[in-house]
Amino acid sequence: MNSPVSSPFSDRHHGRHTADDWPHWSILVVDDEEGMRNFLVKVLAPRCRFVAVAASAEEGAEWMRAQRVDLVILDISLPGKNGVAWLQELREQGYSGEVILITAFADLETAIEALRAGASDFILKPFRIPQILNAIQQCHERTRLRRENYVLRRDAQPVARQSGSPIVGRSAAMQAVREAIERAAPMPSTVLLTGESGTGKELVARELHARSSRSSGPFVPVNCASLSPEDMAIELFGHAKPGSHGSVHAKDGLFYYAQGGTLFFDEVAELPLPVQAALLRAIEDLRIRPVGSQQTLAVDVRIVAATNRDLTAEVGAGRFRSDLYYRLKVVDIHLPPLRTHHEDIPDLLDHYIHELASVLGVPAIDVAPEALQLLMQYHWPGNTRELRNLIERSLILGTLNVSALYPSMAGSPARASRGPTDLQTLEKQHILSILESVQGDKTKAAQLLGVSRRTLERRFAEWGMNPSHP
């Protein structure tokens, strides 16, 4: 088994490539003819991450046990086990990558057998360079589409890229956020986004991706609080073979689907400690090991993480690894709560009204000066997400119902004209009113408020309350 031939494109380099380049791909050539191996290495090495070679199926299997590759170019006529038989074994073992079979001796029966075994393409020797490049390009495109479709299915509400910055607001706080994005976006460094729930951390993560050299690659978000520790490892790194962990198919992880793009860890503080250790290794080594596998897989992703917790406190409590914390916090961008930059509310209102009116297909609504004053005085526990939810509901109803924020003032114009004075009390009244309207269901109340259930629980703990859930 020969050592791989690396391409000029390193794992950390993101230069310009032609349409026939696959800078993130690794290729294994299995052919008993040395001249064919050398020819393919010469053609392919400048176009991909690396090319490895083997003279037999047995050598190829030894290589595949050590490291996964994206594409196998496999001769059918090999000493020992032939190419079709080994391809069948690869598929049975869970290999889901592309395989191009090549041979100098073929008939219709052989071609059918190859396709049934799981070949992506079938090429007769001798072939010209454009022919093999075109076959590889088609394999690469199929893989790209599979990844893209998987990411789109996971992302229930993808955010469309719009002209200009989606970071709205002219306050000094939001200007600082925009400047931090401008500086950090072109860099390969990891970024840690901090701030309360609803402050727009995923929006900033998407903007970092959109302004980076990886913008043509996938943006893959993962909610670290949504899965069990066992499922989280598989979701991120994949698992190796059929039958493992109750599955009948091998599974590629989100690192695989994010190749060439950005992997966004939302609520990163929720990662269990064993997964934190694996994530740290992946960031440091740019390699992952699927669950139950001896193979490692090179990865080329940028990591952006977000949390609404104080990670220094989590580190002190032993719930978050200090080495991972400092590895994530190469660049730290803090998203301020809306109550600290009320001056941005008029701009946010205008933005949400026009954006959501277009999406919903309804007319825009007007905001009276008295209503704007009440909005400016409100505490906004759900931050900009709560404001956005209010605008969406108001557009559906056809009017801006500010009294929904101040249930104690509903039906009392005299009190409304004086305006609220105790913001903490108003926030508490609003939260309890929303909770009552959904019969005590904290999950639904959190969704209506635009905050996480954990944030809601923390508010109740601060007030010394523990409303029961039906």
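Our subject is the structure that appears above.
Described below are features of the structure shown in this document. All of these numbers come straight from a predicted model, not from anything done at the bench.

Before going further, it helps to spend a moment on the packing of helix 13 (residues 345-360) against helix 14 (residues 369-377). One way to put it is that helix 13 packs onto helix 14 with a least axis distance of 10 Å and a crossing angle of 115 degrees. In terms of orientation, helix 13 lies roughly perpendicular with respect to helix 14. The handedness of the crossing between helix 13 and helix 14 is right-handed. Contacts between helix 13 and helix 14 involve Ile345, Pro346 and Leu349 from the first element and Leu372, Leu375 and Met376 from the second. Its residues assigned to classes, the contact of helix 13 with helix 14 comprises six nonpolar, no polar and no charged.

All right, on to the pairing of strand 7 (residues 191-194) then. Neither face of strand 7 is left uncovered, since the one carrying Val191 and Leu193 and the one carrying Leu192 and Thr194 both have all their residues buried. Of the pairings in the sheet, the one linking strand 7 to strand 12 (residues 302-307) comprises four bridges and is parallel in character. Within strand 12, the residue paired with Thr194 across the bridge is Thr307. Relative to strand 13 (residues 331-334), strand 7 is paired through four bridges, and the arrangement is parallel. For Leu193, the partnering residue across the bridge sits in strand 13 and is Ile333.

What follows deals with the packing of aromatic side chains. This structure, assessed with the given rule, holds eight aromatic pairs. On the basis of an interplanar angle of 75 degrees and a centroid distance of 6.2 Å, the ring pair of Phe50 and Trp63 is categorised as edge-to-face. Residue Phe50 is located in strand 3 (residues 48-54), and its partner Trp63 is located in helix 2 (residues 57-66); the two are separated by 13 residues in the primary sequence. Like Phe50, the residue Trp63 is buried in the burial classification. Ring centres of Tyr378 and Trp380 lie 4.6 Å apart, and the angle between their planes is 85 degrees; this geometry places the pair in the edge-to-face category. Across the pair, exposure class does not vary: Tyr378 and Trp380 are buried alike. Here the aromatic cluster, defined as three or more aromatic residues joined through ring pairs, consists of Phe237, Phe255 and Phe265.

Turning to the pattern of salt bridges, a few remarks are in order. Overall, the coordinates contain 22 salt bridges when judged by the stated rule. The residue Glu314 makes a salt bridge to Arg319 at a minimum N-O spacing of 2.9 Å. What makes Arg319 partly exposed here is its relative accessible area of 45%. Bridged by salt links that share partners, the residues Asp31, Glu33, Asp75 and Lys125 form one connected network.

Counted at 1.5 Å a residue, the expected span for helix 6 (residues 172-184) with its 13 residues is 18 Å, and the 18 Å between its end C-alpha atoms agrees. The set of residues buried in helix 6 consists of Met174, Val177, Arg178, Ala180, Ile181 and Ala184. End-on, the buried residues of helix 6 take up no more than an arc of 160 degrees, which puts them together on one face. Among the exposed residues of helix 6, those pointing more than 90 degrees away from its buried face are Ala172 and Arg183. Looking at the packing, one finds that the buried side of helix 6 touches strand 7, helix 7 (201-210), strand 12 and strand 13.

Basis of the calculations
- Residues numbered from 1 in each chain as written.
- Predicted model: local features only at pLDDT ≥ 70, side-chain atom pairs only at ≥ 80, totals over all residues.
- Heavy atoms only, no water.
- Axes fitted to C-alpha atoms, helices over the stretch in contact; angles between N-to-C directions.
- Helix = DSSP H or I, 4+ residues; strand = E, 2+ residues; numbered from the N terminus.
- Parallel < 35°, antiparallel > 145°, perpendicular 65-115°, else oblique.
- Left-handed = near helix turned anticlockwise from the far one by under 90°.
- Contact = heavy atoms within 4.5 Å.
- Nonpolar A, V, L, I, M, F, W, Y, C, P; charged D, E, K, R; others polar.
- Buried < 20%, exposed > 50% of the residue type's maximum accessible area, 1.4 Å probe, protein only.
- Pairing = 2+ DSSP bridges.
- Phe/Tyr/Trp six-rings, centres within 6.5 Å; stacked < 30°, edge-to-face > 60°.
- Salt bridge = Lys/Arg side-chain N within 4 Å of Asp/Glu carboxyl O.
- Expected span 1.5 Å × (residues − 1).
- Arc of directions from axis to C-beta.

Note that all results are geometric; they support no functional claim without further evidence.
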